[in-house]
Amino acid sequence: MQQHQRRDVQDWLKLFEQQKQSGLTAVAFCRQQQINVQTYYTRRRDIRLQRTSSKFVQVKREVTKVESYTEAMDGELLLKLGNAQLTVPTTINPHWVATVIKALAE
């Protein structure tokens, strides 16, 4: 019975590169190197997943509730949040501006 060779990640990366450089299909390369094709594909997938997943960082998005009120002032809006206030034309969305004020006040 043939003993299976244990390969680490670097060994597999070298094999993947050799296969690419050889111009052979993965199946033909595996036959030539006496590697189980299913193992080859599984290790390639696993290593790719490991290498790409480590590049991403999960970020939690916080939802901020903004409370605002408006006072009519001759076609302008006066927005107050804490000790910050801003007067803007009535065409501006007051909730958007309140969000900006809150961000600036932090």
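Refer to the structure presented above.
Now for a quick tour of the structure.

Before going further, it helps to spend a moment on the pattern of salt bridges. Between side chains of opposite charge, a pair can form as their charged atoms come close. All told, the structure shown has 1 salt bridge when counted by the stated rule. Between D46 and R45 there is a salt bridge whose closest N-O contact spans 2.9 Å.

One non-glycine residue, Q34, adopts positive backbone phi at about 55°. You can see Q34 is positioned in the loop between α2 (26–33) and α3 (37–53). Q34 sits in the exposed class, given a relative accessible area of 67%.

Okay, the packing of aromatic side chains next. Under the definition given, this model contains 5 aromatic pairs. Between the aromatic rings of F16 and Y40, the centroid separation amounts to 5.2 Å while the plane-to-plane angle is 85°, which identifies the pairing as edge-to-face. Of this pair, F16 sits in helix α1 (residues 9–22) while Y40 sits in helix α3; the two residues are 24 residues apart in sequence, bridging distant segments of the chain. By the burial criterion, F16 is buried, and Y40 matches it. One aromatic cluster in this structure is built from W12, F16, F29, Y40 and Y41.

Looking at the secondary structure, you find Q19 in helix α1. With sequence-adjacent residues up to four places away left out, Q19 is seen in contact with L24, T25, A26, F29, Y40 and R44.

Definitions and limits used
Residues numbered from 1 in each chain as written. Predicted model: local features only at pLDDT ≥ 70, side-chain atom pairs only at ≥ 80, totals over all residues. Heavy atoms only, no water. Salt bridge = Lys/Arg side-chain N within 4 Å of Asp/Glu carboxyl O. Helix = DSSP H or I, 4+ residues; strand = E, 2+ residues; numbered from the N terminus. Buried < 20%, exposed > 50% of the residue type's maximum accessible area, 1.4 Å probe, protein only. Phe/Tyr/Trp six-rings, centres within 6.5 Å; stacked < 30°, edge-to-face > 60°. Contact = heavy atoms within 4.5 Å.

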